[in-house]
Amino acid sequence: QVQLVESGGGLVQPGGSLRLSCAASGIIFSIYAMGWYRQAPGKQRELVASITSRDTTTYVDSVKGRFTISRDNAKNTVYLQMNSLKPEDTAVYYCNADRVLGKARFEYWGQGTLVTVSE
């Protein structure tokens, strides 16, 4: 059974920092691309950052220079370090594991963790 368990969300003031973690089990973590998505109230889910099995990273423009995604294959964990947080970063953040093998796609989601940026 595949599980992705996020942690690290919470309430933070503007300008503050948080580090999200996502611990994976039930998959060969090192061969999966991992991503962090977020969904704010009334908005579509968007990809915030991703990291491939070869550690290539991508970021949505709005978080470049502020967020850093990383992975520790020995701990089956992916992280999202979020600095200089803004109110518009408020959302539920979801961890995603994704692998394409030929015509088959294997994709899994965590349950989400809420990040609130507010005074």
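Our subject is the structure listed above.
Nothing here was measured: the structure is a model prediction, and the numbers come from that model.

1. Considerations on the sheet that holds strand β8 (residues 77-82)
- Taken in spatial order, the four strands of this open sheet run β1-β3-β8-β7, and their pairing is antiparallel. Strand pairing shows two members of the sheet lacking a second neighbour, β1 (3-7) and β7 (67-72), which therefore form its edges. Strand after strand, the sheet turns through a mean of 15° between neighbouring axes, direction not considered.
- Pairing analysis gives six bridges linking strand β3 (residues 18-25) to β8, with the strands arranged antiparallel. Bridge pairing in β8 links L20 to L80.

2. A word on the side chain of R71
- Mapping R71 onto the fold places it in strand β7.
- Put simply, R71 is tucked away with no salt bridge, and the nearest opposite charge, on D55, sits 4.5 Å away.
- Within polar-contact distance, the side chain of R71 engages the backbone oxygen of F29 at 2.8 Å.
- Separated by 2.8 Å, the side chain of R71 and the backbone oxygen of Y32 make a polar contact.
- Residues within four places of R71 in sequence aside, it is in contact with F29, S30, Y32, A33, M34, I51, T52, S53, D55, T77 and V78.

Conventions and cut-offs
- Residues numbered from 1 in each chain as written.
- Predicted model: local features only at pLDDT ≥ 70, side-chain atom pairs only at ≥ 80, totals over all residues.
- Heavy atoms only, no water.
- Pairing = 2+ DSSP bridges.
- Helix = DSSP H or I, 4+ residues; strand = E, 2+ residues; numbered from the N terminus.
- Axes fitted to C-alpha atoms, helices over the stretch in contact; angles between N-to-C directions.
- Buried < 20%, exposed > 50% of the residue type's maximum accessible area, 1.4 Å probe, protein only.
- Lys, Arg positive; Asp, Glu negative; His and termini not counted.
- Salt bridge = Lys/Arg side-chain N within 4 Å of Asp/Glu carboxyl O.
- Polar contact = N/O pair within 3.5 Å; in protein donor to acceptor, adjacent residues only side chain to side chain.
- Contact = heavy atoms within 4.5 Å.

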